[in-house]
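Understanding the architecture of this molecule
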Amino acid sequence: MAPTSIMACNTANRLIGLKWDNDLLPEACSCLEDDLPLPPSVPGGMVEFRRTLTTSFLFKFFLSVQQRLNLKDVPPPYRSACSLYHREPPHGAQMYQEVPEGQAREDAVGRPIMHLSALKQVTGEAVYTDDMPPIQGELYLGLVLSKKAHAKIVSIDPSEALKMPGVETFVSAEDVPGSNITGPVVLDEEVFASEKVTCVGQVVGAVLADTQAHAQRAAKAVVVQYEDLEPKIITIEDAILHQSFFHPINKIEKGNLEEAFERSDQIIEGELRIGGQEHFYLETCAAIVVPHGEDGEMEIFCSTQNPTKTQMLAAKALGVPANRVVCRMKRMGGGFGGKETRTCVISSVCAVAAHKVRRPVRIMLDRDEDMVITGTRHPFLGRYKVGFMSDGRVLALDISLYSNAGNSLDLSRGVTDRALFHSDSVYTIPNVRAVGYTCKTNTASNTAFRGFGGPQGLFFAESWISDVATKCGISQLTVREINMNKEGDLTHYNMKLERCQVQRCWEECLKQSDFHTRRRQVDRFNGENRWKKRGLAAIPTKFGISFTSTFLNQAGALVHVYTDGSVLVTHGGTEMGQGLHTKMVQVACRALKIPTSRIHISETSTNTVPNTSPTAASASSDLNGMAVKIACETILQRLEPYMGKGSWDDWVRAAYFDRVGLSATGFYRTPGLAYDMEKNEGRPFNYFCYGAAVSEVEIDCLTGDHTVLRTDIVMDVGDSLNPAIDIGQIEGAFVQGCGLFTMEEQVYSPEGVLYSRGPGMYKIPGFADIPIHFNVSLLRGAPNDKAIFSSKAVGEPPLFLASSVFFAIKDAIYSARADAGLKGTFRLDSPATAECIRMACEDQFTAQFPAAEPGSFKPWAIKL
Ligand code: MTE
Ligand code: HPA
Ligand code: MOS
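Calculation notes
Residues numbered from 1 in each chain as written. Chains lettered and ligands numbered in written order. Predicted model: local features only at pLDDT ≥ 70, side-chain atom pairs only at ≥ 80, totals over all residues. Heavy atoms only, no water. Helix = DSSP H or I, 4+ residues; strand = E, 2+ residues; numbered from the N terminus. Rg over C-alpha atoms; globule rule 2.2 N^0.38 Å. Buried < 20%, exposed > 50% of the residue type's maximum accessible area, 1.4 Å probe, protein only. Contact = heavy atoms within 4.5 Å. Lys, Arg positive; Asp, Glu negative; His and termini not counted. Charge placed at Lys NZ, Arg CZ, Asp CG, Glu CD. UniProt positions renumbered as here; feature names shortened; annotations may be inferred. Pairing = 2+ DSSP bridges. Core = buried A, V, L, I, M, F, W, Y, C linked by side-chain atoms within 4.5 Å. Axes fitted to C-alpha atoms, helices over the stretch in contact; angles between N-to-C directions. Parallel < 35°, antiparallel > 145°, perpendicular 65-115°, else oblique. Left-handed = near helix turned anticlockwise from the far one by under 90°. Nonpolar A, V, L, I, M, F, W, Y, C, P; charged D, E, K, R; others polar. Near = heavy atom within 4 Å. Polar contact = N/O pair within 3.5 Å; in protein donor to acceptor, adjacent residues only side chain to side chain. Areas by Shrake-Rupley, 256 points an atom, 1.4 Å probe, with all protein chains shown as cover.

1. A look at the overall build of the protein
Across its full length, the protein carries 23 helices and 29 strands. The C-alpha atoms of the protein give a radius of gyration of 29 Å, which matches the 29 Å a tight globule of 864 residues would have. Dimensions along the principal axes, computed over C-alpha positions, put the protein at roughly 100 × 70 × 55 Å. The buried share of the protein, reckoned over its 864 residues, is 59%. Residue pairs at least 24 apart in sequence account for 81% of intrachain contacts in the protein once pairs closer than 6 positions are excluded. One way to put it: in the protein the 87 positive side-chain charges average out to a point 2 Å from where the 100 negative ones average out.

2. Points about the UniProt feature "domain: Aldehyde oxidase/xanthine dehydrogenase a/b hammerhead" (unreviewed entry) in the protein
Mapped onto the present numbering, the UniProt feature "domain: Aldehyde oxidase/xanthine dehydrogenase a/b hammerhead" (unreviewed entry) falls at residues 123-230. End C-alpha to end C-alpha, residues 123-230 measures 52 Å, and it is 14% helix and 35% strand.

3. Overview of the sheet that holds strand β2 (residues 139-145)
Paired through their backbone hydrogen bonds, the strands of a sheet run either parallel or antiparallel. Reading across from one edge, β4-β8-β2-β15-β12-β13-β14-β23 is the order of the 8 strands in this open sheet, with mixed pairing throughout. Of all the strands in the sheet, just β4 (167-171) and β23 (604-605) have a single pairing partner and so form its edges. Note: β2 against strand β8 (residues 203-209), 6 bridges, orientation antiparallel. Across the sheet, the residue bridging to Val 144 is Gly 205, located in β8.

4. Regarding the nonpolar core
Val 386, Phe 459, Trp 464, Ile 699, Ile 713 and Ile 813 are the most contacted members of the largest nonpolar core, which totals 111 residues. If you tally residues by element for this core, the top one is helix α13 (residues 454-472), at 9 residues. Counting residues in hydrophobic clusters, the runner-up holds 54 residues, among them Leu 208, Val 352, Val 357 and Val 361.

5. Here we look at the packing of helix α9 (residues 307-318) against helix α10 (residues 343-357)
Running from N to C, α9 and α10 point in directions that differ by 40 degrees, and their axes come no closer than 9 Å. Classified by the angle their axes make, α9 and α10 are oblique. Handedness of the crossing formed by α9 with α10: right-handed. Contacts between α9 and α10 involve Lys 309, Thr 310, Leu 313, Ala 314, Ala 317 and Leu 318 from the first element and Cys 344, Ser 347, Ser 348, Ala 351, Val 352 and His 355 from the second. Considered class by class, the residues forming the contact of α9 with α10 number 7 nonpolar, 4 polar and 1 charged.

6. Notes on the packing of helix α2 (residues 24-35) against helix α3 (residues 47-69)
When two helices pack together, their arrangement is given by the angle between the helix axes and the distance between those axes. One way to put it is that α2 packs onto α3 with a least axis distance of 10 Å and a crossing angle of 145 degrees. Between α2 and α3 lies a crossing of right-handed hand. For the pair α2 and α3, contact is made by Leu 24, Leu 25, Ala 28, Cys 29, Leu 32 and Glu 33 and by Arg 51, Thr 54, Thr 55, Leu 58, Phe 59 and Phe 62, respectively.

7. Regarding the sheet that holds strand β27 (residues 687-700)
Taking strand neighbours across the sheet as the criterion, the 5 strands line up as β1-β29-β28-β27-β19 in an open arrangement whose pairing is mixed. A strand with exactly one partner marks an edge of an open sheet, and here the two such strands are β1 (91-95) and β19 (532-545). Within the sheet, the average angular offset between the axes of one strand and its neighbour, ignoring direction, is 10 degrees. Sitting on the sheet, helix α20 (residues 723-742) is in contact with β1, β27, β28 (706-715) and β29 (773-778), with an inclination near 130 degrees to β29.

8. Focus: the site of ligand 1
Not every one of the 17 residues close to ligand 1 is listed here, only the nearest: Gly 335, Phe 336, Met 576, Ser 620 and Gln 729. With respect to ligand 1, the backbone of Gly 335 contributes an N or O atom lying 2.7 Å from an oxygen atom. Residue Arg 450 places a side-chain N or O atom 3.2 Å away from a nitrogen atom belonging to ligand 1. Within the complex, 92% of the 530 Å² of free accessible area of ligand 1 lies under protein. Per-class residue counts for the shell around ligand 1 are 6 nonpolar, 9 polar and 2 charged.

9. A look at the site of ligand 2
In the vicinity of ligand 2, the contacting residues are Glu 340, Arg 418, Phe 452, Phe 547, Thr 548, Leu 552, Ala 616 and Ala 617. The side chain of Glu 340 places a nitrogen or oxygen atom 2.6 Å from a nitrogen atom of ligand 2. In this structure, Arg 418 approaches ligand 2 through a side-chain N or O atom, which is 3.2 Å from an oxygen atom. Look at ligand 2: alone it shows 260 Å² of surface, and the protein chains cover 97% of it. A class-by-class count of the residues in the shell around ligand 2 yields 5 nonpolar, 1 polar and 2 charged.

If you want it as structure tokens, here you go:
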């Protein structure tokens, strides 16, 4: 900084003695340009933005001084350059339907009861994996991670590490007693990299030591020598260039595209990108593995959405049958999809290590390790061609979706497929070709993240339909409405829409938000302000519920009634904060007709309910709820003969003395699911969740900053099992979506090294990013006959509604561009960060610094 400020003094001398008038500004800007040169490859990147920002701030300063000096009246629209954001105390409303009159008082279903762990979570009493007290003889595991994106491992030398204090041993591929080959869906990974590494952050080895500090220090002292391999494929573009795809390349095709494009009045073609997203759960990945020393038995405590996969992959690495390994999971501090499979990387390594030393082993990743190792949401590139009539009717969509899967398949085929299934958003398009390329790259394997490819697919659709409206000169609302799904319509994968609630959500949301009045107010505001702009957008959504891998749509439960009348419920789902256990207690409460206080869920474990699916796809209350209900009904049936007299406790005791089994399992599979992509027929989903949101934003055109003034949401959750939890899920998903669409940006070096490794470099939403006015309504009177007690899933579907903030920002930018004389559509990728917003508001300041020729320099950072 020092040399720059001296230079600043020098050039600023040029300004001394000049008059404070409009001629001063260009002179001062050119001084700044000389003072703050930034080469195109400067560390930190964002060259044009940073240069524009300096002159933009100067402009703000210039105007504020001019205003105070009153020398020349600053034109009223220009005063917005210096004005502060409109700020009010935040407030929100949460609206839901009461339970029907006459519902038994004890029946908790449909009531807004508090998350059963909420109090413990806020006092800190809730126990997470790493809160478990140390076990006798326990060692800590430090990971040795690949520093190269694609390289041959020439040698691994742990000798220095082994001399360090507290160090017990070093563990690597040679120590794997079973199979080093692993992977959650296909076997294309290794527990420890053996011959080569295919991404930065891959596990090469591990050091066991007495403390975390010792283990981590020693892990850094392990010397790994590499020999670079070619090619190094980091971005989606690299993958396309090298045709590096996972096969087969899936495709959904309907109608006759050529003929439809022929008939279309207009055609738009475009390309758009949406970046990845770090899960940033509060609790990073953690595991404790306890070998029991007998018959290969091992117990794994792991923060995972997938106890069964944890068990199976550990057993495979250990070379023992699955019946020797138990995985237990009490709760997670968030998973968001990031713990659906990638936690197995950690737990399998710990299992091998624990086997080697025959002692318990613990790990909890530091945040920077977690961000490097465990993968993120898939970045996507979309290339599309849309044919439409001048009245806004869409006839044809030809879209190619490219997802960056990273170095292994993991769940990426499912993610790309879900993006394909959601590439119609809520619009009925008669002719579609959607092709999904799952790109294999040398980055950490990307994985499930709330929405699972859905938000990415939906994003492209909402973007091109916005452009259709702009091209036709018709309002955004009208174009969305004339293409919107109606009852009985067929999707592009030929599934019939039944009880389609999207129009209701849409209309009620427009009404709740007072859309039309506010549209006029926003337009008036924008007419009166040049440097602050407001934007308004309404976005609908539809999200398919079911695992798209049909076999995963099954669940089990185990219900025990003890002789004191208390009930222990176990089911296949895990608790990650989403309130699943609370809902399952509510289900058992209704099924057994006893108060929730008599029912407890303590953990999820593979020795109580086996062969479980991951807690994912938002379907866990649907699936496990049915299994719990079935188990409870079995027990109730057995108790029936004793119900003549006394209370629950009496029936239970009488049944016990009569030697009646007081424990039952329940099993459920979703009926009617099957989809054939070849024939493009069948039902990939059990049903859809619908919703709509209206958001209003204000942007600072000179800095690219934005604030969300108000959001209204109407969400269809059927007959909510628990409106308090469901509204919490909607609010949480929305704010997490705001991160995806407006803030969170992963920054990689051209060598595939992640720069953005902590909250200082990676911006997630904070309190001030919650919409100032935030109103959430649950759609009334919309029972769902496809799921437990007429409810619907809720975890993922609302996340996409946060794109209403993105499109409101885009709306605001349109106004700024119009003031600068720019007409027509423009490309805005996600996330709409301050940098993107500022640079899209083209003006005299952005024009001052022409962008450097791509390829003429090596950039500091790249986009995946
Ligand atoms: N809510 C909280 N508080 N924490 C989480 O990790 N994960 C989300 C969602 N809501 C998550 C959450 C994701 S990705 C999914 S798929 C669902 O919860 C899974 O739980 P469910 O099937 O019980 O809805
Ligand atoms: N959604 C979420 N997680 C999944 C899915 C899915 O469709 N399939 C496999 N894991
Ligand atoms: Mo959620 S992404 O299906 O774990």
